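So the chains spell out like this:
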Amino acid sequence: MKRILKLGILSIFNALMLSIARCFDNDLWRIGIVIFLYLFSFIIIYKTQKTKVIDKSIPLKNIKLEGTKDVLKLDEVQEIKYAIREHLLFVGLDSCNNIRDISLLGIGSSKNVIIDTKEIIRMALLTASDKVILVHNHPSNSLKPSKDDLHITYITDEILKPFNIELLDHIIITEDNYMSMKKTDIYKTYSEENKKL
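The structure contained in this document is the topic of the report that follows. All values reported here derive from a predicted model rather than from experimental measurement.

1. Some points on the overall build of the protein
Right, on to step 1. Of the regular secondary structure elements, the protein holds 7 helices and 5 strands.
Right, on to step 2. Counting helices and strands in the order they occur from the N terminus, the protein gives α-α-α-α-β-β-α-β-α-β-β-α.
Right, on to step 3. Looking at the protein residue by residue over its 197 residues, the buried ones come to 39%.
Right, on to step 4. Here the protein has roughly 12,400 Å² of accessible surface; of this, 59% comes from carbon and sulfur atoms.

See the structure below:
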């Protein structure tokens, strides 16, 4: 959230500085202001995109998840709860359900978020996660999983298995409720139908 705010402020600042640059008759001043903007933007973007160093032996957070309710209490999950666009979170766990990583994998539209399963696998492998939980919000406040939701859950579950990584769940959250997708009859039916193919 802080990163989005910084980038928004940076965009406003750049627009303001470009407006000021147009007021100068001297081309050298204009060029100087534009160079300053690029350098300033580069520094701000670099600082907001610092990658975190992950020590595989120590959980990223000192939090052990006991169930779905614990996932819902995470700050990152609470942040996307009221979003007007769908957000997909990756929660990586070790074998004892301690959190190794929480990452935002994608932001979509008000109706869906498109993510390549390679991103989920890459994140699971990079963080040395033994278990994975996916969480995404539905701005419509409907808990009904879409065909895309069912598909990404099924495909991710199947693709992670050869790496000995378990997809524990894919949770859909709304402003005031949640649904554990892997526990629903809809998902179980979808999964059984696709295994027959």
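2. Some remarks on the sheet that holds strand 4 (residues 166–173)
Right, on to step 1. Read from one edge to the other, the open sheet built from 5 strands follows the order 2-1-3-4-5, with strand pairing classed as mixed. On the outer flanks of this sheet lie strand 2 (99–107) and strand 5 (178–180), each paired with one strand and no other. Neighbour-to-neighbour, the strand axes of this sheet turn through a mean angle of 20°, independent of strand direction.
Right, on to step 2. Each of strand 1 (87–93), strand 2 and strand 3 (131–137) touches helix 5 (residues 117–126); the most contacted strand, strand 2, lies at about 160° to it.
Right, on to step 3. Contacts between helix 6 (residues 147–160) and the sheet are confined to strand 3 and strand 4, with strand 4 contributing the most and set at about 165° to the helix.

3. Let's talk about the side chain of Ser 180
Right, on to step 1. For Ser 180, the position within the fold is in strand 5.
Right, on to step 2. Apart from residues lying up to four places away in sequence, Ser 180 is in contact with Thr 68, Asp 169 and His 170.

4. Things to note about the packing of aromatic side chains
Right, on to step 1. Under the defined criterion, the tally for this structure stands at 1 aromatic pair.
Right, on to step 2. On the basis of an interplanar angle of 80° and a centroid distance of 6.1 Å, the ring pair of Tyr 154 and Tyr 190 is categorised as edge-to-face. With Tyr 154 in helix 6 and Tyr 190 in helix 7 (residues 185–196), this residue pair connects regions lying 36 residues apart in the sequence. Per residue, the accessibility class of Tyr 154 equals that of Tyr 190, and both read buried.

5. Some details on unusual backbone geometry
Right, on to step 1. For Asn 97, which is not glycine, the phi dihedral falls at a positive 70°.
Right, on to step 2. With respect to the helices and strands, the residue Asn 97 is situated in the loop between strand 1 and strand 2.
Right, on to step 3. The phi angle at Asn 164 is positive, at roughly 60°, despite the residue not being glycine.
Right, on to step 4. According to the relative accessible area criterion, Asn 164 is exposed, its value standing at 68%.

6. Re the side chain of His 136
Right, on to step 1. Assignment of secondary structure puts His 136 in strand 3.
Right, on to step 2. Among the polar contacts made by the side chain of His 136, one reaches the side chain of Asp 149 at a distance of 3.3 Å.
Right, on to step 3. Excluding anything up to four places from it in sequence, His 136 contacts Ile 80, Glu 86, His 87, Leu 88, Asp 149, His 170, Ile 171, Ile 172 and Ile 173.

7. Let's talk about the pattern of salt bridges
Right, on to step 1. Per the stated rule, a full pass over the model turns up 4 salt bridges.
Right, on to step 2. The partner of Arg 122 in a salt bridge is Glu 119, with the nearest N and O atoms 3.0 Å apart. Here Glu 119 and Arg 122 lie together in helix 5, a separation of 3 residues that amounts to about one turn.
Right, on to step 3. Among the residues examined, Arg 122 registers a relative accessible area of 39% and is labelled partly exposed.
Right, on to step 4. The salt bridge partner of Glu 158 is Lys 161, with a shortest N-O separation of 3.1 Å.
Right, on to step 5. The exposure class assigned to Lys 161 is partly exposed, which follows from its relative accessible area of 43%.

8. Focus: the packing of helix 6 against helix 7
Right, on to step 1. Where helix 6 meets helix 7, the axes come as close as 10 Å, and the angle between the chain directions of the two elements is 60°. For the element pair helix 6 / helix 7, the angle class is oblique. Every pair of crossing elements has a handedness; the one defined by helix 6 and helix 7 is right-handed. Packed against helix 6, whose contacting residues are Leu 150, His 151, Thr 153, Tyr 154, Asp 157 and Glu 158, the element helix 7 presents Ile 186, Tyr 187, Tyr 190, Ser 191, Asn 194 and Lys 195 at the interface.
Right, on to step 2. Tallied by class, residues from the contact of helix 6 with helix 7 come to 5 nonpolar, 4 polar and 3 charged.

What counts, and where the lines are drawn
Residues numbered from 1 in each chain as written. Predicted model: local features only at pLDDT ≥ 70, side-chain atom pairs only at ≥ 80, totals over all residues. Heavy atoms only, no water. Helix = DSSP H or I, 4+ residues; strand = E, 2+ residues; numbered from the N terminus. Buried < 20%, exposed > 50% of the residue type's maximum accessible area, 1.4 Å probe, protein only. Areas by Shrake-Rupley, 256 points an atom, 1.4 Å probe, with all protein chains shown as cover. Pairing = 2+ DSSP bridges. Axes fitted to C-alpha atoms, helices over the stretch in contact; angles between N-to-C directions. Contact = heavy atoms within 4.5 Å. Phe/Tyr/Trp six-rings, centres within 6.5 Å; stacked < 30°, edge-to-face > 60°. Polar contact = N/O pair within 3.5 Å; in protein donor to acceptor, adjacent residues only side chain to side chain. Salt bridge = Lys/Arg side-chain N within 4 Å of Asp/Glu carboxyl O. Parallel < 35°, antiparallel > 145°, perpendicular 65-115°, else oblique. Left-handed = near helix turned anticlockwise from the far one by under 90°. Nonpolar A, V, L, I, M, F, W, Y, C, P; charged D, E, K, R; others polar.

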